[in-house]
Amino acid sequence: MPLSLIQNSEPNDTTTQRCPLCDAGDAARYHRDRRRDYYQCATCALVFVPRGQHLSAAAEKAEYDKHQNSPHDTGYRRFLGRLFSPLTARLTPGARGLDFGAGPGPALSVMFAEQGYPMAIYDPFYAPDPAVLTQTYDFITATEVVEHLATPGAVFVRLAAQLVPGGYLGLMTKRVTSAEAFAGWHYIADPTHVSFFSEATFRWWAAEHHFTVEFPGADVVILQKPLPPATGT
């Protein structure tokens, strides 16, 4: 783990928090601003806001209702293209996907469908269809989603279980780079952002779950589920 991602807690701060990604109990304060505290896990390097400082579900949805994303917005399509392009290059014809956390204006699912890759959508506020969470998929996307997750460990395990062997999990989220950059980062000003990942965090998770991990572009992560071991004839 790069040492630049670790910031020692304040001398008198002995409070620790359990990590919502790996459940280790070795997190210590990484940063504090006027509104919230931020802890970093010493095991997986996730930086997170303690659960008691999260918004209520109603307040969280009110923030999301302000979003005006649309599949007809060419600028938004270009933004999503940072994941769309490298992921489609890896898919086989007719692959089926799930857009997890699609938001109030699903767009990525439209883009994939236009290229012959049908996608189901799920969002806890705007498309809360539990049936889609019981199926398996060739690929799953979560764009600008994981930073909102209160329990990323449980969600990642569930999504991994929904992938077929060899399937892809494609994510977009801005990444933690250093304690100094974090202190002035606009990303932490959003009150719905509670989990902050670095490359080290994704590499840790991939190694723990035997996934491969790639970083094909800024803010983009593609994880691939392992294939079962070949059996002898």
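Note that this is a predicted model, so its numbers are computed, not measured.

Moving on, we get to the overall build of the protein chain. Along the protein chain, the regular secondary structure elements total six helices and ten strands. Computed over the C-alpha atoms, the radius of gyration of the protein chain is 18 Å, within 12% of the 17 Å expected from 2.2 N^0.38 for a compact globule of 233 residues. Expressed as lengths along the three principal axes of its C-alpha atoms, the size of the protein chain is roughly 55 × 50 × 30 Å. Expressed as a percentage of its 233 residues, the buried residues of the protein chain come to 48%. Taking the intrachain contacts of the protein chain between residues at least 6 apart in sequence as the baseline, contacts between residues at least 24 apart amount to 63%. Entry remark: accessible area of the protein chain is about 11100 Å², with carbon and sulfur atoms responsible for 54%. Within the protein chain, one finds 19 positive and 23 negative side-chain charges whose respective centroids are separated by 1 Å.

Before going further, it helps to spend a moment on the sheet that holds strand E7 (residues 163-172). Spatial ordering of the open sheet is given by E5-E4-E6-E7-E10-E9, a layout of six strands whose pairing is mixed. A strand with exactly one partner marks an edge of an open sheet, and here the two such strands are strand E5 (119-122) and strand E9 (212-217). The sheet shows a mean angle of 20 degrees between the axes of neighbouring strands, direction not considered. Where E9 meets strand E10 (residues 220-224), four bridges bridge the pair, whose relative direction is antiparallel. The residue bridging Gly-217 from the neighbouring strand is Val-220, located in E10. Helix-sheet contacts for helix H2 (residues 74-88) involve strand E6 (137-143), E7, E9 and E10, and the interaxial angle to E7 is about 155 degrees. In this fold helix H6 (residues 199-209) packs onto E7, E9 and E10, with an angle of close to 150 degrees to the strand it touches most, E9.

Take helix H4 (residues 152-162) next. Where H4 is concerned, the buried positions are Pro-152, Gly-153, Val-155, Phe-156, Leu-159, Ala-160 and Gln-162. For H4, the secondary structure elements touched by its buried residues are strand E4 (97-100), E6, E7, strand E8 (195-196) and H6.

Now for the sheet that holds strand E2 (residues 37-40). Spatially, E1-E2-E3-E8 is the arrangement adopted by the four strands of the open sheet, whose pairing is antiparallel. Each having just a single partner strand, strand E1 (28-32) and E8 make up the two edges of the open sheet. Across two bridges, E2 lies against strand E3 (residues 47-48) in antiparallel orientation. Looking across to E3, one finds that Gln-40 is bridged to Val-47.

Across all of its chains, the model carries 22 aromatic pairs by this definition. Each ring, one from Phe-100 and one from Tyr-122, has its centre 5.6 Å from the other, and the planes form 15 degrees; the classification is stacked. Of this pair, Phe-100 sits in strand E4 while Tyr-122 sits in strand E5, and the two are 22 residues apart along the sequence. Taken as a pair, Phe-100 and Tyr-122 share a single burial class, namely buried. Ring geometry for Tyr-187 versus Phe-196: centroids 6.4 Å apart, planes at 65 degrees, classification edge-to-face. You can call Tyr-187 buried: its relative accessible area is 4%.

Judged by which residues are buried, E4 turns out to be covered on both faces: Gly-97 and Asp-99 on one side and Leu-98 and Phe-100 on the other are all buried. Relative to E5, E4 runs parallel, the two being bridged by four bridges. The residue of E5 that forms the bridge with Phe-100 is Tyr-122. A crossover connection joins E4 to the parallel E5 through helix H3 (residues 108-114); in handedness this β-α-β unit is right-handed.

We now examine the environment of Gly-170. Inspection of the secondary structure puts Gly-170 in strand E7. Expressed as a C-alpha distance, the spacing of Gly-170 and Thr-143, which sit 27 residues apart in the sequence, is 7.8 Å. Those residues within four positions of Gly-170 in sequence are excluded, and the remaining contacts are Leu-83, Ile-140, Thr-141, Ala-142 and Val-221.

This part takes up the nonpolar core. Here is a general trend for soluble globular proteins: nonpolar side chains tend to be buried in one another's company. Counting 36 residues, the largest nonpolar core has Phe-100, Ile-140, Phe-156, Leu-171, Phe-202 and Leu-223 as its most contacted members. Those elements giving two or more residues to this core turn out to be E4, E6, H4, E7, H6, E9 and E10. By residue number, the principal contributor to this core is H4, which donates four residues. Within the second largest apolar cluster, 18 residues are counted, among which are Tyr-76, Phe-84, Leu-91 and Leu-108.

Reading guide: rules and limits
- Residues numbered from 1 in each chain as written.
- Predicted model: local features only at pLDDT ≥ 70, side-chain atom pairs only at ≥ 80, totals over all residues.
- Heavy atoms only, no water.
- Helix = DSSP H or I, 4+ residues; strand = E, 2+ residues; numbered from the N terminus.
- Rg over C-alpha atoms; globule rule 2.2 N^0.38 Å.
- Buried < 20%, exposed > 50% of the residue type's maximum accessible area, 1.4 Å probe, protein only.
- Contact = heavy atoms within 4.5 Å.
- Areas by Shrake-Rupley, 256 points an atom, 1.4 Å probe, with all protein chains shown as cover.
- Lys, Arg positive; Asp, Glu negative; His and termini not counted.
- Charge placed at Lys NZ, Arg CZ, Asp CG, Glu CD.
- Pairing = 2+ DSSP bridges.
- Axes fitted to C-alpha atoms, helices over the stretch in contact; angles between N-to-C directions.
- Phe/Tyr/Trp six-rings, centres within 6.5 Å; stacked < 30°, edge-to-face > 60°.
- Right-handed = clockwise from strand over helix to strand, strands pointing away.
- Core = buried A, V, L, I, M, F, W, Y, C linked by side-chain atoms within 4.5 Å.

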